[in-house]
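In case you want the letters, here they are:
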Amino acid sequence: IIGSNRDSGIFSFLDVVTLCRCAQVSRSWNVLALDGSNWQRIDLFDFQRDIEGRVVENISKRCGGFLRKLSLRGCLGVGDSALRTFSQNCRNIELLSLNGCTKITDSTCNSLSKFCPKLKHLDLASCTSITNLSLKALSEGCPLLEQLNISWCDQVTKDGIQALVRCCPGLKGLFLKGCTQLEDEALKHIGAHCPELVTLNLQTCSQITDEGLITICRGCHHLQSLCVSGCANITDAILHALGLNCPRLRLVLPLLLNCHELEKMDLEECVQITDGTLIQLSIHCPHLQVLSLSHCELITDDGIRHLGSGPCAHDRLEVIELDNCPLITDASLEHLKTCHSLDRIELYDCQQITRAGIKRLRTHLPNIKVHAYFAPVTPPPSVGGSRQRFCRCCILL
């Protein structure tokens, strides 16, 4: 029986929906269920279409200093005004997700800076009005920041990154996917001021080069996860620096040498990667399970041969993506036939791969899923003399 403050702790284990239902049972339950101490963690993603600014304001008044974690991911109706009220009322907030809240601007970060000094995790992904001013504000008022996601905030430049990292030395996770104005200078600031960095996502930051990444390697020795997918200026040269300086690297793009625990590697669209990378992978990464080489146009059968004979091949490798690798032929499939754990292979737009080659692979790996494109043979002219045109077809073999 729940009927006293002593028993109200039971409500702290309930989710938002259950708490609201309990509040309708009776007056006493209403008081207990709506007590701010029960609302320390709130995720409103499932109600995103219904959440407006006034809802956030009411929640902040109800929870006050009790609230530690709030997710407003996808709540398009929430803007700066509501978040200012929230910041004033919930000054102990530690984790805040505003992912996809496209109405917010730098004003929200100014409010967080003024009132929320305990903030540790902030997600601003796809908040495209965010600029360098937000990062400067956060650096001044949120020194405990450990994780920041500003993916697709494409107005951010090296100046904002510099201001942020100089005053937030405890940063462990930076997600900069789609911040297309960032260049090597921004990475130099990160490398110089983020010794605790564990995760760095630079996907599609197309201006960065080996030079910038080398400074990351030298300054961020705790790095475990690095994504540079879509960074076309990255070459094999970075692998040596990663291996020497970042031995903890586990989930990445690129890495190696000393990274013997590596399980996943995504090199999609790193168009300057060569067979040399696969040779190093085959030697140094015996636990490799997933490898993406999509659009790595310099990869050849010889690189796959080394991979197929490496220690990961026989029992570990589960997925390999080779779509849009034009130099790959049926010979590569022969090199992979001893990969007994191989579950899936992507071969879209590998023009030199044939049905016969795939059939031979399946005699050794009967359960493998093969995704490939084949252009159907154009049929002979019809009676009227015209040819029917066929589009390319996607076939799951």
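Residue positions within a chain follow its written sequence, with the count starting from 1. Residue-level local features of this predicted model are given only where pLDDT is at least 70; pairs of side-chain atoms are given and counted only at 80 or more, and the full residue set underlies all totals for whole chains, interfaces and linings. In computing side-chain values, all of the structure's heavy atoms are included and hydrogens and water are not.

As annotated in an unreviewed UniProt entry, the protein chain carries the name F-box and leucine rich repeat protein 20 and is attributed to Oncorhynchus mykiss.

## Some remarks on the overall build of the protein chain
Worth spelling out the cut-off: The way it works is that DSSP assigns letters per residue, a run of H or I at least four long becomes a helix, a run of E at least two long becomes a strand, and they are numbered from the N terminus. The contact criterion used is simple: two residues touch if any of their non-hydrogen atoms lie within 4.5 Å. Only the protein chains shown count as cover for residues, with accessible areas throughout obtained via the Shrake-Rupley method and a probe of 1.4 Å.
When helices and strands are tallied, the protein chain shows 15 helices and 15 strands. Sequence-distant contacts in the protein chain: of pairs separated by 6 or more residues, those separated by 24 or more amount to 73%. Within the structure as shown, the protein chain displays about 18,100 Å² of accessible surface, and the carbon and sulfur contribution to it stands at 50%.

## A word on the pattern of salt bridges
To keep things clear, this is the line we draw: The working definition used for a salt bridge is a side-chain nitrogen of Lys or Arg within 4 Å of a carboxyl oxygen of Asp or Glu. Under the scheme applied here, a residue whose accessible area is under 20% of the maximum for its type counts as buried, over 50% as exposed, and between as partly exposed, the area being computed with a 1.4 Å probe on protein chains only.
For the coordinates displayed, the defined rule picks out nine salt bridges. E334 serves as the salt-bridge partner of K337, at 3.2 Å between the closest nitrogen and oxygen. We classify K337 as partly exposed; its relative accessible area is 27%. Note on E334: relative accessible area 30%, which makes it partly exposed. For the salt bridge of E346 with R344, the shortest nitrogen-to-oxygen distance reads 2.5 Å.

## Quick word on unusual backbone geometry
With a phi close to 65°, T204 is a non-glycine residue in the positive phi region. Positionally, T204 belongs in the loop between β7 (199-201) and α9 (210-219). Although it is not a glycine, E269 sits at a positive phi angle of roughly 65°. Tracing the sequence through the fold places E269 in the loop between β10 (264-266) and α11 (275-284).

## Observations concerning the environment of L98
Mapping L98 onto the fold places it in the loop between β3 (95-97) and α5 (106-115). Residue class for L98 comes out buried when judged on its relative accessible area of 0%. Note: C-alpha distance between L98 and V78 (20 residues apart in sequence) is 9.1 Å. What L98 contacts, discounting residues up to four positions off in sequence, is L72, L83, I104, T108, D123, L124, A125 and C127.

## What about the side chain of S113?
Take S113: it is sitting in helix α5. Residue S113 is classed as buried on the basis of its relative accessible area of 15%. What S113 contacts, discounting residues up to four positions off in sequence, is A137, L138, E140, G141 and C142.

## A look at the confidence of the model for the protein chain
What counts, and what does not: The predictor attaches a confidence to each residue, called pLDDT, with possible values from 0 through 100.
Looking at the protein chain, the pLDDT average stands at 86 and 82% of residues meet or exceed 70. A low-confidence stretch, residues 1-6 (pLDDT under 50), is modelled with eight contacts involving residues beyond four sequence positions or located in other chains. Overall, residues 382-396 carries pLDDT values under 50, and its contacts beyond four positions in sequence, including any with other chains, amount to 28 contacts.

## Observations regarding helix α4 (residues 80-89)
Within the span of α4, buried status applies to D80, A82, L83, T85, F86 and S87. Tucked inside the fold, the buried residues of α4 contact α3 (53-63), β2 (69-71), β3 and α5.

## Examining the packing of aromatic side chains
To be explicit about the condition: Only rings of Phe, Tyr and Trp enter the pairing, Trp through its six-membered ring, and a pair is recorded when the two centres are within 6.5 Å. The plane angle decides the type: under 30 degrees is stacked, over 60 is edge-to-face, the rest tilted. A ring is scored as having a charge over it whenever the NZ atom of a lysine or the CZ atom of an arginine sits within 6 Å of its centre and within 35 degrees of its normal.
Considering all chains together, one arrives at zero aromatic pairs under this definition. Over the face of the ring belonging to F45 we find R73, whose NZ or CZ atom lies 3.7 Å from the ring centre.

## Section: the pairing of strand β13 (residues 344-347)
Inclusion rule: Strands qualify as paired when DSSP identifies two bridges or more between them. Clockwise travel from the first strand over the helix to the second, with the strands pointing away from the viewer, marks a crossover as right-handed.
Judged from the three bridges that link them, strand β12 (residues 319-321) and β13 form a sheet pairing that is parallel. In the strand pairing of β13, I320 is matched with I345. Between the parallel pair β12 and β13, the chain is carried across by helix α14 (residues 330-335), and the sense of this crossover is right-handed.

## Points about the environment of F66
With respect to the helices and strands, the residue F66 is situated in the loop between α3 and β2. Judged by relative accessible area, which is 40%, F66 ranks as partly exposed. Once the C-alpha coordinates of F66 and Q40 are considered, the two residues, 26 residues apart in sequence, prove to be 5.5 Å apart.

## A closer look at the environment of K114
Within the fold, K114 resides in helix α5. Judged by relative accessible area, which is 60%, K114 ranks as exposed. C-alpha of K114 to C-alpha of G141: the two residues are 27 residues apart in sequence and 6.0 Å apart in space.

## Considerations on the packing of α3 against α4
Applicable threshold: Think of each axis as a best-fit line through the C-alpha atoms, taken over the contacting stretch in the case of a helix, with angles from 0 to 180 degrees between the N-to-C directions. An angle below 35 degrees is read as roughly parallel, one above 145 as roughly antiparallel, one from 65 to 115 as roughly perpendicular, and any other as oblique. Following the grouping adopted for this structure description, the nonpolar residues are Ala, Val, Leu, Ile, Met, Phe, Trp, Tyr, Cys and Pro, the charged ones are Asp, Glu, Lys and Arg, and the polar ones are all others, Gly among them.
Across the interface, α3 lies against α4 with an axial gap of 8 Å and an inter-helix angle of 5°. Classified by the interaxial angle, the pair formed by α3 and α4 is roughly parallel. For the pair α3 and α4, the contacting residues are G53, V56, E57, S60 and K61 in the first and S81, A82, T85, F86 and N89 in the second. Here the residues of the contact of α3 with α4 are counted per class, giving three nonpolar, five polar and two charged.

## Details of the state of the cysteines
Test applied: By convention in this document, the label disulfide applies to cysteine sulfur atom pairs within 2.5 Å.
Scanning the model with the defined rule gives zero disulfides in all. With no disulfide partner, C205 has as its closest neighbouring cysteine sulfur the one in C179, 5.7 Å distant. Classification of C205 as buried rests on a relative accessible area of 0%. Free of any disulfide, C231 has its nearest cysteine sulfur in C205, 5.8 Å distant.

## A word on α5
Taken across its 10 residues, α5 has seven buried, putting it largely inside the fold. Among the residues of α5, D106, T108, C109, S111, L112, S113 and F115 are the ones counted as buried. Where α5 is buried, its residues meet α4, β3, β4 (121-123) and α6 (132-141).

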